[in-house]
Amino acid sequence: MSSSPSRRVPIESQKVDAPLTSSATFLVLEVGPGTDAAGTARDVISGIDDIVKNVGFRDLDAELSCTVGIASSLWSRLTARNAPAELHPFVTVGGAVHTAPSTPGDLLFHIRANRRDLVFEFERQLLGALGDAVTVIDETTGFRYFDVRDLLGFVDGTANPVGNAVADSTLVGAEDGDNVGGSYVVIQKYLHDLGQWQTLTTEQQESIIGRKKADNIELDDADVGQKSHKTLATIVVDGVEHDILRDNMPFGSPGSSSFGTYFIGYSRYLWVIEKMLEKMFIGDPPGAYDRLLDFSSATTGCTFFAPSADFLAGLADEQLPVQRI
């Protein structure tokens, strides 16, 4: 054990900007019907800090954290409080060539740490507490690849906000007073055709991504014609750029020739991510879609809201809504 027992678990509950870690699991669950299942889910997520402390105290330097996201399908079963203003199911984005599908999910657990065993143990205790109240819809374990690169070979997350801009970009403010301090979360699981990608020259890959592969230097935007992934994923409205916070992770299995990127984006405004996906899949202008999608296929799509830590902890004190099944 590398940590003194006198130290505190350093990562706060629901900390969307927790440090980048070497390991993460993205766990999407469906809560069973009835008030008993909803009550179990509410009790467990309101006490998520206890599991974080129980597991994370074994190695504080590993920076274990968990962010909980609640989907619109579950919101009214957990709380009588007003739902976040923009919270709704993920909307399928269908372009002429590629589609971003909408898939089921009531709860998201974004579990992060610098030790895979702590992530494993946290998930084990979490699912043990939830029991048969839930069904696992998707479980994906990611890893940090070299110098924060995706499996396509490019640095991922360069455009993330830094400093004070992180809170401004990710946390709901006074515009939705009932949900101040929370964050919208969108997840998508992308599978890569690495064989086809590797047939491209480095220059062709860089043109699609919009950055140099070796040193991550940003390339100039095209004045006309096809836009790069970097440009299509940048949202500017009335001269103001709206950032999101990404903590994407590569995942895969060489033995089964499965390679992918798990996209997770935190945002103060859900419409920002939705606009980004519209530009990528439909195109800007329509038809000029993101050419990265010719090599990366979206297989899942879910939208959640990660409430503030105080909101989450307060669920245990609420009377569970009735006749919500």
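Residues numbered from 1 in each chain as written. Predicted model: local features only at pLDDT ≥ 70, side-chain atom pairs only at ≥ 80, totals over all residues. Heavy atoms only, no water.

**With respect to the environment of Ser296**
Link 1 in the chain: As for its placement among the helices and strands, Ser296 is situated in strand β13 (residues 296–298).
Link 2 in the chain: On the basis of relative accessible area, Ser296 is assigned to the buried category, the value being 4%.
Link 3 in the chain: As a C-alpha pair, Ser296 and Leu245 span 51 residues in sequence and 21 Å in three-dimensional space.
Link 4 in the chain: Setting aside chain neighbours within four positions, we find Ser296 in contact with Leu152, Tyr190, Leu191 and His192. (Helix = DSSP H or I, 4+ residues; strand = E, 2+ residues; numbered from the N terminus. Buried < 20%, exposed > 50% of the residue type's maximum accessible area, 1.4 Å probe, protein only. Contact = heavy atoms within 4.5 Å.)

**Thoughts on empty space enclosed by the protein**
In this approach the atoms are scanned with a rolling probe the size of a water molecule, which exposes any empty space left behind.
Link 1 in the chain: On inspection of all chains with the given rule, the structure shows two cavities of 30 Å³ or more.
Link 2 in the chain: Space inside the largest cavity adds up to approximately 600 Å³.
Link 3 in the chain: If you trace the largest cavity, you find 33 residues lining it, with Asp156, His229, Ala233, Arg246 and Asn248 closest to the centre.
Link 4 in the chain: For the lining of the largest cavity, the secondary structure elements donating two or more residues are β7 (183–192), α8 (229–232), β9 (240–242), β12 (258–267) and α9 (270–281).
Link 5 in the chain: If you tally residues by element for the lining of the largest cavity, the top one is α9, at four residues.
Link 6 in the chain: In terms of residue class, the lining of the largest cavity is built from 16 nonpolar, 10 polar and seven charged. (1 Å grid on protein atoms, 1.4 Å probe; cavity = no way out; pocket = protein on both sides within 12 Å on 5 of 7 lines; lining within 4 Å. Points joined across faces, edges and corners; volume = space filled by probe spheres on them. Nonpolar A, V, L, I, M, F, W, Y, C, P; charged D, E, K, R; others polar.)

**As for the pattern of salt bridges**
Link 1 in the chain: Within the structure shown, the criterion is met by 14 salt bridges.
Link 2 in the chain: Between Asp247 and Arg112 there is a salt bridge, and its shortest N-O distance comes to 2.8 Å. Here the residue Asp247 occupies a position in the loop between β10 (245–246) and β11 (249–253), and Arg112 occupies one in strand β5 (residues 107–113), the gap between them amounting to 135 residues.
Link 3 in the chain: As a salt-bridge pair, Glu121 and Arg124 come within 2.8 Å of each other at their nearest N and O atoms. Taken together, the positions of Glu121 and Arg124, both in helix α4 (residues 116–130) and three residues apart, correspond to about one turn of that helix.
Link 4 in the chain: Given a relative accessible area of 14%, Glu121 falls into the buried group.
Link 5 in the chain: One continuous salt-bridge network, built from bridges that share partners, spans Arg211, Glu218, Asp221 and Lys230. (Salt bridge = Lys/Arg side-chain N within 4 Å of Asp/Glu carboxyl O.)

**So, the state of the cysteines**
Link 1 in the chain: Using the criterion set out here, one finds zero disulfides in the structure.
Link 2 in the chain: Not engaged in a disulfide, the cysteine Cys66 finds its nearest cysteine sulfur in Cys302; these two sulfurs lie 16 Å apart.
Link 3 in the chain: Residue Cys66 is classed as buried on the basis of its relative accessible area, which comes to 4%. (Disulfide = S-S within 2.5 Å.)

**A short note on the pairing of strand β1 (residues 23–31)**
Link 1 in the chain: Counting buried residues in β1 gives eight out of nine residues, a clear majority hidden from the surface.
Link 2 in the chain: Bridge count between β1 and β5: seven bridges; the pairing is antiparallel. Within the sheet, the bridge partner assigned to Phe26 lies in β5 and is His110. (Pairing = 2+ DSSP bridges.)

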